[in-house]
Structures are given as structure tokens and as C-alpha cells.
Amino acid sequence: IAYLTIVSNGHAGNWPTIGCQGILGTLATLPVLRGTQGFIDYCIETLAVQIDDQILPDGVQDELTPHYHRVVVFNLLSAIESLRPFDRELAPRTMATLRKMLHYQEQTIVPDRSAQVAFNDSDPDAVPDLGDRLARLGLADAIPADLGPEAFDYAGVAFLRQARSDGDLYLAFDAGPFGRGHQHEDKLGFWLHAFGRNLIVDPGRHLYDQSSASYLPYLKSTRAHSTILIDGQPQHSRGRPDTWIAKTPGSLQFETSPNRTSASGAYTLGYGTDNVIDVIHHREIVFVDQRYWVVFDRIEGSGVHHIESRFQFAPGPLQLAAGRVVTQFEDANLLLVAAGDWDEERIEVGVEEPERSGWYSVSYNKIEPAPVLSLAVSRPLPWQSAVLLYPFRGADAPDITFVFREGRATLSVDGVECVIQPDSTA
């Protein structure tokens, strides 16, 4: 135990909190060791300092990875349980932050609890189930009874969703910085769940292994996420470590009203391994009438560029025709309509050569093919587009017309027309 206080001291990330919960668990199991109260004092203070350092003001752990956010939550809960026999508690400020962490964690779990949003190195299948544990610890009220649309400004994550009491339409949008560790080059990607199905997903992590058997290098890449490549090149946030952790709220803009929720952000660091492709990707997602989403993209810069917009679907068949994609499940589906003229439209599933594409890891050491929609065009900048994401029940897609002209999208369904425009801040 004394050794742990030495080797974990001064470290960042998960190791100090893991060490402290291990120390406290051992003391609670063997409550006869000399120096016990001193070790408890050390752990309470170390956890307070670490949580002050790791957790952003909005309650999100600064690796910006739901999986490792959950690790820190579990470490704190284990510490609380181990302190109970000694009639000791964590510092009040640590407990206050833990409540915010539990709130955010619950937002990252899709409405039917079939997955946790897998931004960065996460396993979608690793869904935390803390109800009974929180009740025993007096923390059940840390999770609101009816979560709804919400944004976390420092993490740069927005939830464009129905309130739980209204339905299960849910979209998590990642417009945040790179994070402290376990990062993916995935800014402006998103996860979409509707009618009991995860339809557009984040791809997971597979293995922490640098061999050819591991899909992690691909799963960390921009190609594996629902965002944009420029001239075939990925984002390169890794090349700008000064931007990895937000010191102030970032570029995320968020507005909500009864009929419209919108979130927007921008990737501004340049594309390619040296960040030399100097273009900016603005994305705004609008949740309309608590029924469907429209994704507005704008690429700013100069010259002609090849723009590839990618959408990573959950495993299952897709049907593609003239910019319209429909999933092929019996119970619930997603219609994606990409307005405008695209030079290339294709679906990639389980591709290995010349580079991997269309793979999904639902949990550690598992990998399976999953379709990616690729839409590509070469145009002078600035350039903009709109994509409709329309979930529906059953197997028959609704009769929908969707067009995008002069910065505004028009949707016509069942004879009713709706005009959707991005906010001026997009």
C-alpha cells in the first residue's frame, strides 16, 4: 500500500484513482493494518486533487471518452463504499463533482440502454448499470428522472434528443476537443438511435495492440467516423496538443426550443499529417419537431478540393439509390437523403484493401463488418450540403422529398412542407 502511494503520486489519468480505490478496498477488507487512517487521509486528498484536475467544469472527464469516464466513476463509487466501515467520506467537492459525472454518464447511454455512445476508445456494449448501487449510496437523485436535450460546453458534446417521457429519438454530437488520451480523429461525428435501434454509430476500439490483427488504427481514424475527409486526408488534432483539453468552453453552439434543437461546431486545425490542408469544416445538426434531424455541412477555404462525407452505420444491410439510403430492418429504420449532386456514392462493408473501411467493434476483441456510406464531390470552396436523417417504424420508407438550395433545406412529407435553415452561428 505504501508503494502504491509512491508510484501513483503525481501521475495523471486513471492510474491514481485506480490506485486509491485499490488501497481503500484493501484497507476495508483488512481493517487491522497500522497506518490505516494515514492511508485513508492520503486517498481522500489524492482523489480530491485528481478529480479537480481531470474533470472539466461541466462534469466530463478530460479524456472525453465515455468508457474511461465510467472507469473514474466506478473508482469513486468503490472508494465511497470502502470508506463507509471507517465512518469516513470523500471530500465534499469530490462528491459534488461525482454527481455531475453521473449526470453526463447517463446522457451517454441510449434510451433503451442497449449501448453507451462510443466516442474515442469505448466499448458500445459496456453499458453501466448503477441504479441499485447509487440507491445504496444515497446518490440516486444524481440522475434526473427525465433527461432531455442538453449540451456540455467544455466537452463539446450535445444531445439532440427527445425527453425520455416523449420517446426514444436520440442523437449525440461530438464537437469537442481531442481529449487527454484514448483519442480518435473524429470531430463532428455523431451517434443516432431511434425506435429501439442504434442506426449510426461510433466504431469502438477492438484491441490495444499494434499488430496487424488489431483494427484500432483504423477505428481511431477519421475514415471510421461520420464526418468529412478532405482530399482523402484525415483530421489531425494529434498534431496540436495545445488544443487537446478545453480551458474555456469551445466552439460548440447549442440552442433548444419546443420545435427545434440545434448544435454546431467546427474543425479548424487543418487536414493531413502536417495539418497543411487549410480548410475549415463547419457542421450544424438540427433536430426538427422532435421527429428528424438535418445535418448541414459547410467547407471553407480556397481552391478546388475533394470532399468525402462518410456515415458509419450499425451492422446490417443498406439500400442505396440516387443519394437515398435506407436501412433494411423489419421493425425500425433510417432514411438518409443527401441533397445535391454528388460525384460518387458508394457503400463500403468489411473492406481490407487498399485500406480498411466499414468495420465496427461492439466490445473489446470483437470486430464485424458494418456499412459505411461514402458521398464524394470535387468542388471549389466554399461548399455546403444538407443531409436528412429520418427515422421511421416498420420496413416501408415514407414518401419524402428533400432539397437544399441557397443555404436552406426543404422537406416535403405527406404533402406537408417544412423549411429548415441552419443558425447564423453554424
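Residues numbered from 1 in each chain as written. Predicted model: local features only at pLDDT ≥ 70, side-chain atom pairs only at ≥ 80, totals over all residues. Heavy atoms only, no water.

A. Up close: the overall build of the protein. A tally of regular secondary structure across the protein gives seven helices and 22 strands. Computed over its C-alpha atoms, the radius of gyration of the protein comes to 23 Å, within 12% of the 22 Å expected for a compact globule of 426 residues. With respect to the principal axes defined by its C-alpha atoms, the protein has extents near 75 × 45 × 40 Å. Taken over 426 residues, the protein has a buried fraction of 56%. Counting every atom, the protein has about 17200 Å² of accessible surface; 50% of that belongs to carbon and sulfur. Charge-centre separation for the protein: the mean point of 34 positive side chains lies 4 Å from the mean point of 55 negative side chains. (Helix = DSSP H or I, 4+ residues; strand = E, 2+ residues; numbered from the N terminus. Rg over C-alpha atoms; globule rule 2.2 N^0.38 Å. Buried < 20%, exposed > 50% of the residue type's maximum accessible area, 1.4 Å probe, protein only. Areas by Shrake-Rupley, 256 points an atom, 1.4 Å probe, with all protein chains shown as cover. Lys, Arg positive; Asp, Glu negative; His and termini not counted. Charge placed at Lys NZ, Arg CZ, Asp CG, Glu CD.)

B. Structural context of the sheet that holds strand β10 (residues 292-300). Within the open sheet, the eight strands sit side by side as β7-β8-β9-β10-β19-β14-β13-β12. Their pairing is antiparallel. Looking at the sheet topology across the chains shown, the edges are occupied by β7 (253-257) and β12 (318-321). For this sheet, the mean inter-axis angle between neighbouring strands, taken without regard to orientation, is 15°. Note that strand β13 (residues 324-327) and strand β14 (residues 332-338) share three bridges and pair antiparallel. Looking at the pairing, V325 lines up with L336 of β14. (Pairing = 2+ DSSP bridges. Axes fitted to C-alpha atoms, helices over the stretch in contact; angles between N-to-C directions.)

C. Quick peek at the layout of surface pockets. Approximately 330 Å³ is the volume found for the largest pocket. Together, 23 residues line the largest pocket, and G176, P177, F178, K187 and T243 are the ones closest to its centre. In this structure, the second largest pocket occupies an estimated 280 Å³ of space. For the second largest pocket, the lining is made up of 17 residues, of which P217, K220, S221, T222 and P234 are closest to its centre. (1 Å grid on protein atoms, 1.4 Å probe; cavity = no way out; pocket = protein on both sides within 12 Å on 5 of 7 lines; lining within 4 Å. Points joined across faces, edges and corners; volume = space filled by probe spheres on them.)

D. Quick peek at the packing of helix α4 (residues 66-83) against helix α5 (residues 92-107). Following both chains from N to C, one finds α4 and α5 inclined at 135°, their axes separated by 10 Å at the closest point. One way to sum up the angle between α4 and α5 is to call them oblique. The handedness of the crossing between α4 and α5 comes out as left-handed. Residues H69, R70, V72, V73, L76, L77 and I80 of α4 lie in contact with α5, whose contacting residues are T94, M95, L98, M101, L102, Y104 and Q105. (Parallel < 35°, antiparallel > 145°, perpendicular 65-115°, else oblique. Left-handed = near helix turned anticlockwise from the far one by under 90°. Contact = heavy atoms within 4.5 Å.)

E. Examining the pattern of salt bridges more closely. A full pass over the atoms with the stated rule returns 24 salt bridges. D242 serves as the salt-bridge partner of R240, at 3.2 Å between the closest nitrogen and oxygen. On the accessibility criterion, R240 (31% relative accessible area) is partly exposed. On the basis of relative accessible area, D242 is assigned to the exposed category, the value being 54%. (Salt bridge = Lys/Arg side-chain N within 4 Å of Asp/Glu carboxyl O.)

F. Up close: the environment of P354. Of note, P354 is situated in the loop between β15 (344-348) and β16 (359-360). Residue class for P354 comes out exposed when judged on its relative accessible area of 78%. The sequence separation of P354 and D274 amounts to 80 residues, and the corresponding C-alpha distance is 22 Å.

G. Quick peek at helix α3 (residues 36-54). Over its 19 residues, α3 runs 26 Å from end to end, which matches the ideal 27 Å to within 8%, given 1.5 Å per residue. Looking only at α3, the buried set comprises T36, I40, Y42, C43, I44, T46, L47, A48, Q50, I51 and Q54. Turning to α3, the residues buried within the fold contact α1 (2-7), α2 (14-29), α4 and α5. (Expected span 1.5 Å × (residues − 1).)

H. Representation of the environment of P149 within the structure. Relative to the helices and strands, P149 resides in the loop between α6 (131-136) and β1 (150-152). When the C-alpha atoms of P149 and E81 are compared, they prove to be 32 Å apart, with 68 residues separating the residues in sequence. Not counting the four nearest positions on each side in its chain, P149 is found in contact with F159, R161, F254, T256 and T261.

I. How the structure looks around α2. Compared with the 22 Å implied by 1.5 Å per residue over 16 residues, the 23 Å span of α2 between its first and last C-alpha is a close match. Of all the residues in α2, the buried ones are N14, P16, T17, G19, C20, I23, L24 and L27. Contacts made by the buried residues of α2 are with α1, α3 and α4.

J. The side chain of Q50, seen in detail. Topologically, Q50 is positioned in helix α3. Among the residues examined, Q50 registers a relative accessible area of 9% and is labelled buried. Residues contacting Q50, with those up to four places away along its chain left out, are H11, A12, G13, P16 and T17.

K. Looking closely at unusual backbone geometry. In this structure, the amide linkage connecting E353 to the following residue, P354, adopts the cis form with an omega of 0°. Here the residue pair L381 and P382 is connected by a cis peptide bond, since its omega of 0° sits within 30 degrees of zero. Structurally, P382 can be placed in the loop between β18 (372-380) and β19 (383-393). Non-glycine residue H206 carries a positive phi angle of around 70°.

L. Representation of empty space enclosed by the protein within the structure. Summed over the entire model, instances satisfying the criterion amount to one cavity of 30 Å³ or more. Considered as a void within the structure, the largest cavity measures approximately 50 Å³ in volume. If you go around the largest cavity, the residues you meet are L64, Y104, F119, N120, A155, V157, D174 and P177. Classifying every residue of the lining of the largest cavity gives six nonpolar, one polar and one charged. (Nonpolar A, V, L, I, M, F, W, Y, C, P; charged D, E, K, R; others polar.)

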